[in-house]
Amino acid sequence: MNEIDVNSLLVKMRALSEQVGTNETPAQDSGNFSELMKNGIDTVNKAQQDAGKLAEAFEMGDPNVDLAEVMVSLQKAGLSFRAMTEVRNRLVSAYQDIMNMPI
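All of these numbers come straight from a predicted model, not from anything done at the bench.

*Asks:* I'm lost on the packing of helix α2 (residues 33-59) against helix α3 (residues 67-99) in this one. Help?
*Replies:* Pairs of packed helices are described in terms of their axes, by the angle between the two and the distance that separates them. Remark: α2 packs on α3, axes separated minimally by 9 Å, with the N-to-C direction vectors making an angle of 155°. In terms of their interaxial angle, α2 and α3 are classed as roughly antiparallel. Here α2 runs over α3; the crossing is left-handed. Packed against α2, whose contacting residues are F33, M37, G40, I41, V44, A47, Q48, D50, A51, L54, A55 and F58, the element α3 presents L67, E69, V70, S73, L74, A77, S80, F81, M84, V87 and L91 at the interface.

*Asks:* Please explain α2 as it appears in this structure.
*Replies:* Every α-helix carries 3.6 residues per turn, so stepping three or four residues along brings you back to the same face. Given a rise of 1.5 Å per residue, 27 residues ought to cover 39 Å, and the 39 Å separating the end C-alpha atoms of α2 matches this to within 8%. Every buried residue of α2 is listed here: L36, M37, G40, T43, V44, A47, A51, L54, A55 and A57. Just downstream of α2, G61 is the residue with a positive phi angle, here 90°.

*Asks:* It is not clear to me how the pattern of salt bridges should be interpreted in this structure. Could you clarify?
*Replies:* Here the structure, examined in full by the defined rule, presents 3 salt bridges. A salt bridge links D50 to K46; the shortest N-O distance between them is 3.1 Å. Taken together, the positions of D50 and K46, both in helix α2 and 4 residues apart, correspond to about one turn of that helix. Accessibility expressed as a relative area gives 32% for D50, which makes it partly exposed. Overall, K46 belongs to the partly exposed group, its relative accessible area being 36%. The partner of E86 in a salt bridge is R90, with the nearest N and O atoms 3.2 Å apart.

Reading the values: rules and limits
Residues numbered from 1 in each chain as written. Predicted model: local features only at pLDDT ≥ 70, side-chain atom pairs only at ≥ 80, totals over all residues. Heavy atoms only, no water. Axes fitted to C-alpha atoms, helices over the stretch in contact; angles between N-to-C directions. Helix = DSSP H or I, 4+ residues; strand = E, 2+ residues; numbered from the N terminus. Parallel < 35°, antiparallel > 145°, perpendicular 65-115°, else oblique. Left-handed = near helix turned anticlockwise from the far one by under 90°. Contact = heavy atoms within 4.5 Å. Expected span 1.5 Å × (residues − 1). Buried < 20%, exposed > 50% of the residue type's maximum accessible area, 1.4 Å probe, protein only. Salt bridge = Lys/Arg side-chain N within 4 Å of Asp/Glu carboxyl O.

Any functional reading would require information beyond the geometric quantities listed.
Written as structure tokens, this is what we have:
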């Protein structure tokens, strides 16, 4: 059975948050799992929105937006989304393992 180390998950989410460029840290040891997940999802959403805005500004010909900056931002947003999807997949797997345990 796969075990999820919550502390390791929190460390990875904080590192991902720093890579995206936000200073927010998800649910500072509050012990509230739903708050932790909501903050993680919000961080991923913000990264995707920022990347979309940069790409749109570049497409409109804004001279202050560099192509390299747009590409890096899009890659970070994509990576954060894939990481969040993997976290979701592991949580679903853990839930299924728990539901299949005999009583």
